[in-house]
Amino acid sequence: MQNRGEKKTWVSARSVASLSLLLVTCGAIYSYLSANREPLHLLRNISFAQAAVLVTLRVLYMGTYGLFLKISTAKFHIRLDAREWFGLPFITSLGNQLTPFAGGVIVRAVYLKRRHALPYATFTSLLAANHVMTVWAAGLTGLLTCVLFSDLGPWRWALTVFFSLVVGMITLIVSLPRFSLPGHGRFIRTVNTVLEGWSLVKGDRALLAQAALIALAGIVLNGLSFRLAYSAIDVVVLPQAAVILSLLPFFLVFLAITPGNLGVQEIVISLTSALLGGGAGKGLMVALLIRAATLIPACVLGVAFGLSLYRDPGNRRAGPPGDAPSPAVEK
């Protein structure tokens, strides 16, 4: 009873923290736009064709997560059909937009457990491996961008140090022999989950190569989305600056406190845009445009695939799902 009470207290504290941060960040954005209305006028420049292409890029981008899900679960002899591997990321994204702490991930974990008997621990490990690969690739992309382009402004070296630390730390950790940290704290469990996930992937070279290509494809599609978003609002920005900004969401995935990182992602992108010379207001409009272009397919396809999978009798098994998993690393 005491453990259950402590769990409820922890969940309640997390909810309060999420709501508080959401109110603060959204309040800050509202105050900024109330005092600076010029950036809002930039949205008038967007054409229907540009909006359609941007939404298409976001669909393809979310599809990369489905591809990783398909190839990683195949390692455990689970064959996902197109509705599952392509549709589950949209269901997850919709859930993440509605709940704090990436709650949509839990929906995907429960589905795979009940439909394909994939253990929660294995799912969480695969999710961690996906993030390790993506964050490492994003860090390397950012590092190369900072090294190759000297016109990123005075913050170029600070960004170089940040990306170097990300690449260096991940490379060091994953290159060590398999080990696990002692202890039972939340941070310890998160690190051990990441290490377990990486060990599942790195032993399979074919899977590792495919995962690397998928991660790279996701980074490219996200970069194109940001570049198009700037172009859509008729703002001229250095392509390399747009690349740096497009990488930020990959690192913010570990701070998914508010639903869909709402407010947090916009503020970080806005401030970084100002540091890179793109302007805080313009960066904020790009971040909001990217969010809108992501929400549209998440809502439409998330609901469509959700209903399709739910109506499939094979996807509804008797019995409660039990304790929902709490992935240490969330999408």
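Residues numbered from 1 in each chain as written. Predicted model: local features only at pLDDT ≥ 70, side-chain atom pairs only at ≥ 80, totals over all residues. Heavy atoms only, no water.

**Some remarks on the pattern of salt bridges**
This is how the line gets drawn: Criterion for a salt bridge: a side-chain nitrogen of Lys or Arg within 4 Å of a carboxyl oxygen of Asp or Glu. Under the scheme applied here, a residue whose accessible area is under 20% of the maximum for its type counts as buried, over 50% as exposed, and between as partly exposed, the area being computed with a 1.4 Å probe on protein chains only. A run of H or I in DSSP becomes a helix once it reaches four residues, and a run of E becomes a strand once it reaches two; helices and strands are each numbered from the N terminus.
Applying the stated criterion across every chain, the model contains 2 salt bridges. Taking the shortest distance from any N to any O, the salt bridge between R83 and D81 comes out at 3.7 Å. Taking the relative accessible area as the measure of exposure, D81 reaches 33% and is therefore partly exposed. A salt bridge links E266 to R291; the nearest nitrogen and oxygen atoms lie 2.3 Å apart. With E266 in helix α11 (residues 264-275) and R291 in helix α12 (residues 280-311), this residue pair connects regions lying 25 residues apart in the sequence. You'll find E266 and R291 in the same group, each marked buried.

**A short note on the packing of aromatic side chains**
The cut-off we apply is this: Working definition: a ring pair exists when centres of Phe, Tyr or Trp rings (six-membered ring for Trp) sit within 6.5 Å. Plane angles under 30 degrees give stacked, over 60 give edge-to-face, the rest tilted. Comment: the charge-over-ring label is applied if NZ (Lys) or CZ (Arg) is within 6 Å of the ring centre and within 35 degrees of the ring normal.
Scanning all chains against the criterion turns up 9 aromatic pairs. Between F162 and F251, the ring centres sit 5.3 Å apart and the planes meet at 75°, which makes this aromatic pair edge-to-face. One end of the pair, F162, is in helix α7 (residues 156-175); the other, F251, is in helix α10 (residues 239-252), and 89 residues separate them in sequence. Since its relative accessible area comes to 13%, F251 is described here as buried. Ring pairs connect the aromatic residues W85, F86, F90 and F305, which therefore count as one cluster. Sitting over the face of the ring of Y120, K113 holds its NZ or CZ atom 5.8 Å from the ring centroid.

**Things to note about unusual backbone geometry**
For residues besides glycine, phi is generally negative; the peptide bonds are generally trans as well. We note that H77 has phi near 60°; this positive angle belongs to a residue other than glycine. Tracing the sequence through the fold places H77 in the loop between α3 (48-74) and α4 (82-98). Despite not being glycine, A117 has its phi angle at roughly 60°, a positive value. Take A117: it is sitting in the loop between α5 (104-116) and α6 (120-148).

**Brief notes about a nonpolar patch on the surface**
Our working definition: Each patch is built from residues lacking any salt bridge and having more than 30% relative accessible area; the joining distance is 9 Å for like charges and 5 Å for nonpolar side chains (Val, Leu, Ile, Met, Phe, Trp, Tyr). The Shrake-Rupley method, run with a 1.4 Å probe, gives the accessible areas here. Residue values count only the displayed protein chains as cover.
On the surface, a cluster of nonpolar side chains totalling about 390 Å² of accessible area is made up of L144, V147, L148 and F149. Mapped onto the elements of the fold, L148 is located in helix α6.

**Notes on the nonpolar core**
Rule in force here: Buried residues of nine kinds, namely Ala, Val, Leu, Ile, Met, Phe, Trp, Tyr and Cys, make up a nonpolar core once their side-chain atoms join them within 4.5 Å. The criterion used for residue contact is that any of the two residues' heavy atoms lie within 4.5 Å.
Ranked by internal contacts, the top residues of the largest apolar core, which has 76 residues, are L112 and F163. Not counting residues within four places of it along the chain, the set of residues in contact with L112 comprises L69, L80, L88, A117, L118 and F123.

**Points about the environment of P239**
Residue position: P239 is located in helix α10. Overall, the relative accessible area of 42% leaves P239 in the partly exposed class. For the pair formed by P239 and G223, sequence separation is 16 residues and the distance between their alpha carbons is 9.1 Å.

**Topic: helix α9 (residues 205-232)**
Inclusion rule: Multiplying 1.5 Å by the helix residue count minus one yields the expected span of that helix.
Relative to the 40 Å expected for 28 residues at 1.5 Å per residue, α9 spans 40 Å between its end C-alpha atoms, a close match to the ideal helical length. Two residues or fewer past α9, D234 is found with a positive phi of approximately 60°.

**Some thoughts on the packing of α10 against α11**
Helix-helix packing: each pair is described by the crossing angle between the helix axes and the interaxial distance. Applicable threshold: Every axis in this analysis is a line fitted to C-alpha atoms, fitted for helices over the stretch in contact. Angles between the N-to-C directions lie between 0 and 180 degrees. Left-handed describes a crossing in which the near helix is turned anticlockwise from the far one by less than a right angle; the clockwise case is right-handed. Basically, the charged four are Asp, Glu, Lys and Arg, the nonpolar ten are Ala, Val, Leu, Ile, Met, Phe, Trp, Tyr, Cys and Pro, and anything else, Gly included, counts as polar.
For the pair α10 and α11, the least separation of the axes is 10 Å and the interaxial angle reads 145°. For the pair α10 and α11, the sense of crossing is right-handed. Facing L245, L248, P249 and L252 of α10, the residues of α11 in contact are Q265, V268, I269, T272 and S273. Across the contact of α10 with α11, the residue classes break down as 6 nonpolar, 3 polar and no charged.

**Remarks on the environment of T122**
Here T122 shows up in helix α6. On a C-alpha basis, the gap between T122 and E196 in space is 8.8 Å, while along the polypeptide they are 74 residues apart.

**Some details on the side chain of S246**
Counted only if it meets this: By the criterion applied in these results, polar contacts are pairs of N or O atoms within 3.5 Å in which, for protein atoms, one can donate a hydrogen and the other can accept it, and in which residues neighboring in sequence qualify only through two side-chain atoms.
Residue position: S246 is located in helix α10. One polar contact links the side chain of S246 to the main-chain carbonyl oxygen of V243, over a distance of 2.7 Å. Those residues within four positions of S246 in sequence are excluded, and the remaining contacts are N222, G223 and F226.

**What to know about α10**
Within α10, 12 of the 14 residues are buried, which leaves it mostly tucked inside the rest of the structure. Turning to α10, its buried residues number three or more, namely Q240, A241, A242, I244, L245, S246, L247, L248, P249, F250, F251 and L252. Looking at the buried residues of α10, the elements they touch are α3, α6, α7, α9 and α11.

**As for the packing of α11 against α12**
It is at 7 Å that the axes of α11 and α12 come closest, and there the two elements cross at 145°. As for the relative orientation of α11 and α12, their crossing is right-handed in sense. Counted together, Q265, E266, I269, S270, S273 and A274 of α11 and A280, G281, G283, L284, A287, L288 and R291 of α12 form the full contact between these two elements.

**Considerations on the side chain of T134**
By the element assignment, T134 lies in helix α6. Judged by relative accessible area, T134 falls into the buried class, the value being 8%. Sequence-distant contacts of T134, that is, excluding residues within four places in its chain, are made with A215, I219 and F250.

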